[in-house]
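# Fold and contact review
Chain by chain, the residues run as shown.
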Amino acid sequence: MCIRDRYQRRVHGDNFLNILMKNLIHFCFLALLVSKITCGEKLGELWVKNPENQKIAGSDNIPFNIGNFGHVPEGSQLQGIAYLATPIDACSELTPINIDEEDTSPILVVQRGECKFVTKAHYAQISGFKVLLIVDNVEDLEMINDTTGLGYTISIPSLIVPKKHGSELIELIKSGTTVLLGLHFNWVHNLEVFSM
């Protein structure tokens, strides 16, 4: 066996091991995420700060799930004004929204609709929003997955909330009230690893 043949076998073996390790790491983090969600560990807290004492679906906190793309600022807390998207599903370019200059973390609220989650996040991100909040069309909390392979282009976190909570939030925004949301991300997992 010549040196070139040995080198090629070694390179191919290394590639196989790298792929195997990436898939194993991906699987472990996915298993960790699923176990934390199903075991009841909270990914964080989402609540209405203004108007004060505002309950959504009879609760102080709004349950949510986090997308497996974008940067999730784990361990941090932020607050931002909630703005309603036009079109409401954010499946195409958004009508410009005047974001308050003092609002450092504006949150775009959209309905689930027919397009991919990454598409919604893309339009939210290029419009200057720091968080995307998707109102689901069902009551169960679902996973938000990148099925396009373009999740690496998204830098903002994407959340999904149940239909009942989200619908009440939309109605509150439509009433003309300035809705300020508080959001805290727990140290649960690093979602960016999923985009290997």
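The text that follows walks through the structure, step by step, so that each part is easy to find. Each chain carries its own residue numbering, running from 1 in the direction its sequence is written. Thresholds applied to this predicted model are a pLDDT of at least 70 for local features of residues and 80 or more for the giving and counting of side-chain atom pairs; totals over whole chains, interfaces and linings are not thresholded and use all residues. Side-chain measures were taken over the full set of non-hydrogen atoms in the model, leaving aside hydrogen atoms and water.

Moving on to the overall build of the protein chain. Across its full length, the protein chain carries three helices and seven strands. Helical segments are the DSSP runs of H or I of at least four residues, strand segments are the runs of E of at least two, and each set is numbered from the N terminus. Ordering the α and β elements of the protein chain from the N terminus gives α-β-β-β-β-α-β-β-α-β. Categorising residues by exposure relies on relative accessible area from a 1.4 Å probe, with only protein chains included: less than 20% of the type maximum marks a residue as buried, more than 50% marks it as exposed, and the intermediate range marks it as partly exposed. Per-residue burial over the protein chain gives 37% buried out of 196 residues. Residue contacts are defined here by distance: any two heavy atoms, one from each residue, within 4.5 Å place the two residues in contact. Put simply, 77% of the contacts in the protein chain that link residues at least 6 apart link residues at least 24 apart.

Tracing the sequence through the fold places Val 118 in helix α2 (residues 117-126). Val 118 gets classed as buried once you look at its relative accessible area, which sits at 5%. Put simply, Val 118 and Leu 150 are 32 residues apart on the chain and 7.1 Å apart in space, counted from C-alpha to C-alpha. Contact partners of Val 118, with chain neighbours within four places excluded, come to Phe 69, Asp 146, Thr 148, Leu 150, Gly 151 and Ile 154.

Quick look at the packing of aromatic side chains now. Aromatic ring pairs are described here by two measures, namely the spacing of the ring centres and the angle between the planes. Put simply, two rings from Phe, Tyr or Trp (the six-membered ring, in Trp's case) pair if the centres are within 6.5 Å, and we call them stacked under 30 degrees between planes, edge-to-face over 60, tilted for the rest. The tally for this structure, following the rule as stated, stands at one aromatic pair. On the basis of an interplanar angle of 65° and a centroid distance of 5.7 Å, the ring pair of Tyr 83 and Phe 129 is categorised as edge-to-face. Taken together, the positions of Tyr 83 in strand β3 (residues 77-84) and Phe 129 in the loop between α2 and β5 (131-135) put the pair 46 residues apart, joining distant regions of the chain. For the pair Tyr 83 and Phe 129, a shared accessibility class is recorded, and that class is buried.

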